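Here is what each chain is made of, one letter per residue.
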Amino acid sequence: MKVLLTGAAGFIGMHCAKRLLERGDEVLGIDNLSPYYSVELKRARLQRLEHDRFRFFQMDLTDAESLTKTFEREKPGAVLHLAAQPGVRHSLKNPASYVQSNLVGFANLLEGCRRSPPRHLVFASSSSVYGNNPKLPWSESDSVDLPISLYAATKKSNELSAHVYSHLYGLPVTGLRYFTVYGPWGRPDMSAFLFARAIMEDKPIPVFNHGDMQRDFTYVDDIVEGTLRVLDQPAAYAIYNIGNHAPVGLLDYIAALERAFNKKAKLKMKPMQPGDVKSTYADTRALAKAVGFAPSTPLEEGLGRFAEWFKAYYGT
């Protein structure tokens with residue numbers, strides 16, 4: 001199958017592309033190589049995808065003309081849309097980039113799919129759409145009408161726009177609400193990376209809400225497995241959580257990183273950040289029922305693999 005994959009130089013994108021190539025698919029990778037974080041890291045990820053069935057196009061999804069021509073020329077069998085401007089906190093500083101990447105870019109992608117329909121469009125949503133919902137675990141049937149960050153609002157908007165195209169044009173589309181993904185080749189703005197660097201450099205880790213936080217950390221290999229299983233089973237319209245269904249306290253998470261790096265962390269307690277939520281916790285029953293899989297990699301095991309990669313890539 002020919003798969004158009006946006007965000008191919010990204011964290012989850014690279015891992016998904018690699019798995020698709022390993023199983024025999026043709027992958028057309030799109031990425032704008034945004035300088036939001038290290039372009040060198042993105043290029044290093046792309047080097048891992050060198051294959052006779054992989055082609056890369058450096059393109060911004062806001063370029064509607066180029067994207068439309070790509071759809072018309074390539075006619076992909078499936079589309080996996082992972083490109084986005086990520087990050088809750090950065091959306092407070094640079095809202096325009098979220099409007100362009102996550103709203104305009106997604107609208108252009110939907111139009112491409114309408115003109116050259118794939119058998120399935122799967123796109124990355126986010127656990128952030130749940131906002132401050134106090135009911136845990138979070139279920140797909142919960143209301144997500146009150147986002148508390150612009151990033152979350154753009155992801156909610158993507159879900160609504162996707163439903164419109166499913167309803168009006170019969171586009172089979174599924175959104176995946178990812179929960180705190182970590183692992184090798186991760187983003188430098190994510191906690192595993194930030195905390196690991198602080199530990200190795202003997203710098204204090206900022207511990208928000210004085211450590212009274214929980215996250216449903218999900219290992220990247222589990223994310224890939226769930227994502228590709230969903231991609232292979234088109235639905236008229238569906239939304240699924242992909243999380244580990246096992247929230248971990250922030251201080252327990254830091255302790256696990258200390259064990260993975262065999263080094264004690266310095267902590268600096270701080271108040272809650274604007275736009276942040278206290279806890280995330282995925283109800284994954286719908287995903288398990290649909291595709292027979294739900295993430296389950298233990299945090300210690302996943303952080304161990306992350307630490308091995310981090311030390312190999314950045315040195316000790």
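Everything below is about the structure printed above this text.
Residues numbered from 1 in each chain as written. Predicted model: local features only at pLDDT ≥ 70, side-chain atom pairs only at ≥ 80, totals over all residues. Heavy atoms only, no water.

> Explain the pattern of salt bridges to me, please; I cannot follow it from the model alone.
Think of it this way: side chains of opposite charge can pair up when their charged atoms draw near. This model, assessed by the stated rule, comprises 26 salt bridges. The residue Asp276 makes a salt bridge to Arg215 at a minimum N-O spacing of 3.5 Å. Of this pair, Asp276 sits in the loop between strand S13 (266–269) and helix H10 (285–291) while Arg215 sits in strand S9 (residues 214–215), placing them 61 residues apart in sequence. Judged on exposure class, the residue Asp276 and its partner Arg215 are both buried. When the shortest N-O distance is used, the salt bridge between Arg305 and Asp221 registers 3.8 Å. (Salt bridge = Lys/Arg side-chain N within 4 Å of Asp/Glu carboxyl O. Helix = DSSP H or I, 4+ residues; strand = E, 2+ residues; numbered from the N terminus. Buried < 20%, exposed > 50% of the residue type's maximum accessible area, 1.4 Å probe, protein only.)

> Can you help me understand the sheet that holds strand S2 (residues 26–31) in this one?
Working definition: the strands of a sheet are paired by backbone hydrogen bonds and lie parallel or antiparallel to each other. The seven strands are arranged S3-S2-S1-S4-S5-S6-S11 in an open sheet whose pairing can be described as parallel. Edge positions in the open sheet fall to strand S3 (54–58) and strand S11 (237–242), since each of these has one partner strand only. The average angle at which neighbouring strand axes cross in this sheet is 20°, direction not considered. In terms of strand pairing, strand S6 (residues 173–178) meets S11 through six bridges, oriented parallel. Paired with Leu176 across the strands is Tyr240, a residue of S11. (Pairing = 2+ DSSP bridges. Axes fitted to C-alpha atoms, helices over the stretch in contact; angles between N-to-C directions.)

> Looking at this structure, how should I read helix H7 (residues 191–200)?
Residue pairs three or four apart in sequence face the same way in an α-helix, which turns once every 3.6 residues. The element H7 is extensively covered by neighbouring structure, given that seven of its ten residues are classed as buried. In the core, the buried residues of H7 are packed alongside strand S7 (181–182), strand S8 (204–207), helix H9 (250–261) and helix H11 (299–314). In the segment just after H7, Asp202 is the residue with positive phi, at about 60°. (Contact = heavy atoms within 4.5 Å.)

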